[in-house]
Amino acid sequence: MKKSLPLLAAFFVFSLVPSLLRAERAASSFLYPACRDGKWGFVDSSGRTALPFVWERARPFSEGLAWVWKDGKALCINRKGKTVFRFRAGNAAVGDPFRCGMSRLTRGEKTGFLNARGKVAIPPRYVTASHFSDGLAAVKLSFAGRYFYIDKRGKRAFKADFGLADPFSEGLAAVKRGPDSPWEYIDIKGRTAVPPRFEAAGPFSQGLAAVKLDGKWGYIDRKGAVVVEPRFDRAGEFACGLAPVELDGKWGYITPKGEFAVRPAYDYAS
């Protein structure tokens, strides 16, 4: 469930757009990065050129900002293609989508965060860090250490720490207390919201989260009640009222009631 800071344009275009940037994609004004004749620009949902093909690289928009590169330098632009800021810390890697007004940067093996003005808000000091969501990020100071959550000032959000910790979604985060502990969900105060009992646990989306029980995946609501009985081999997040699931080696899509809207017939779905 953990994600390292992406560095390749292709990863962002084909992986982050469908998942991390779903809210942006729902907007009618969403712009998609595209490459033509070796240069990157942005097109709208009809395929028309929205921003010219002038950049060496480009990442998807998130929270109204997109990373682009020109003359080897990273900068952030707005939807009109205007430069919002230029990033000048030469030995740091940037390009992560903005979440809660924060974007990860790495320097060496350490991760920190930039704010939407291009200033280093939290210096790189973590060996791993999730993106911000619900105002918090899960971080780790050393590979042998434990995860804890920080706020946008870099302050510890609450005392509890964890063996594994995922980003918050819809006010809840999946965590494991120890290597042999089951997964549970906590709230933004660090309190247990859904008691530990899951073999694996995904993020909440549209009020439901995929969880694994007795080797099969199903879905629970925010109170921990099972609303779709575990019977799937794999399961993804809900978006636009449907979630991808795998059954007997084929993928399809289900409704929040667990009924198939699209019967399993595909090698993969996301």
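Only a predicted model underlies this, so the values are computations on that prediction, with no experimental measurement involved.

Summing up its helical and strand segments, the protein has two helices and 25 strands in all. Residue burial in the protein is summarised as follows: out of 270 residues, 49% are buried. Contacts spanning at least 24 positions in sequence make up 30% of the contacts within the protein whose residues lie at least 6 apart. Summing over all exposed atoms, the protein offers an accessible surface of approximately 13,400 Å²; the carbon and sulfur share of this is 53%.

Let us now look at the sheet that holds strand S25 (residues 260-266). Taking strand neighbours across the sheet as the criterion, the four strands line up as S22-S23-S24-S25 in an open arrangement whose pairing is antiparallel. Only two strands of the sheet have a single neighbouring strand rather than two, namely strand S22 (234-235) and S25. Bridge count for S22 against strand S23 (residues 243-247) is two bridges, and the pairing is antiparallel. Bridged to Ala235 within S23 is Val245.

Now for a positive patch on the surface. A cluster of basic residues, Lys39, Lys70, Lys73, Arg86 and Arg88, forms a positive patch at the surface. The topology assignment puts Lys73 in strand S6 (residues 73-77). On the basis of relative accessible area, Lys73 is assigned to the exposed category, the value being 55%.

What follows is about the sheet that holds strand S13 (residues 148-150). Here three strands make up an open sheet; going across it, the order is S11-S12-S13 and the pairing antiparallel. The sheet is open, and its two edges are formed by strand S11 (128-129) and S13, each paired on a single side. In terms of strand pairing, S11 meets strand S12 (residues 137-140) through two bridges, oriented antiparallel. Bridge pairing links Ala129 to Val139 in S12.

The next point concerns the environment of Arg107. Structurally, Arg107 is set in strand S8 (residues 102-107). Look at Arg107 and you get partly exposed, because its relative accessible area is 30%. Measuring from C-alpha to C-alpha, the distance between Arg107 and Val94 comes to 9.2 Å, with 13 residues separating the pair along the chain. A polar side-chain atom of Arg107 sits 3.2 Å from a polar atom in the side chain of Asn91.

Quick look at the pairing of strand S24 (residues 250-254) now. Looking at chain direction, S23 and S24 are connected through five bridges and run antiparallel. Bridging across to S24, Pro244 finds its partner in Tyr253. Linking two consecutive strands that pair antiparallel, namely S23 and S24, is a turn of two residues; a positive phi of about 55° is found at Asp248 within it. Bridge count for S24 against S25 is three bridges, and the pairing is antiparallel. Looking at S25, one finds that Ile254 is bridged to Phe260. A loop of five residues connects S24 with S25, the two strands running antiparallel in sequence, and Gly258 in this loop sits at a positive phi of about 85°.

What follows concerns the nonpolar core. Nonpolar side chains tend to gather and get buried jointly when the protein is soluble and globular. Trp217, Tyr219, Phe232, Ala235, Phe238, Val245 and Ile254 are the most contacted members of the largest nonpolar core, which has 13 residues in total. Counting only elements with at least two residues in this core, the list comes to strand S19 (208-213), strand S20 (216-220), strand S21 (226-232) and S23. In this structure Ala235 touches Ala210, Trp217, Tyr219, Pro244 and Val245, once residues within four positions along its chain are discounted.

Quick look at unusual backbone geometry now. Phi is positive for Cys240, which is not a glycine, with a value near 55°. Inspection of the secondary structure puts Cys240 in the loop between S22 and S23. Exposure remark for Cys240: the relative accessible area of 76% places this residue in the exposed category.

Let us look at the packing of aromatic side chains. All chains considered together, the criterion is met by 17 aromatic pairs. With a centroid separation of 6.1 Å and an interplanar angle of 90°, the aromatic rings of Phe232 and Phe260 are classed as edge-to-face. Placement of the pair is Phe232 in strand S21 and Phe260 in strand S25, with a sequence separation of 28 residues. Each of the two residues, Phe232 as well as Phe260, counts as buried. Positioned over the ring face of Phe53 is Arg36, at 4.0 Å from the centre of the ring. One Lys or Arg, Arg79, reaches over the ring of Phe61 and ends 5.6 Å from the middle of that ring.

Each value, and the rule that gives it
Residues numbered from 1 in each chain as written. Predicted model: local features only at pLDDT ≥ 70, side-chain atom pairs only at ≥ 80, totals over all residues. Heavy atoms only, no water. Helix = DSSP H or I, 4+ residues; strand = E, 2+ residues; numbered from the N terminus. Buried < 20%, exposed > 50% of the residue type's maximum accessible area, 1.4 Å probe, protein only. Contact = heavy atoms within 4.5 Å. Areas by Shrake-Rupley, 256 points an atom, 1.4 Å probe, with all protein chains shown as cover. Pairing = 2+ DSSP bridges. Patch = residues over 30% accessible without salt bridge, like charges linked within 9 Å, V, L, I, M, F, W, Y side chains within 5 Å. Salt bridge = Lys/Arg side-chain N within 4 Å of Asp/Glu carboxyl O. Lys, Arg positive; Asp, Glu negative; His and termini not counted. Charge placed at Lys NZ, Arg CZ, Asp CG, Glu CD. Polar contact = N/O pair within 3.5 Å; in protein donor to acceptor, adjacent residues only side chain to side chain. Core = buried A, V, L, I, M, F, W, Y, C linked by side-chain atoms within 4.5 Å. Phe/Tyr/Trp six-rings, centres within 6.5 Å; stacked < 30°, edge-to-face > 60°. Lys NZ or Arg CZ within 6 Å of the ring centre and 35° of its normal.

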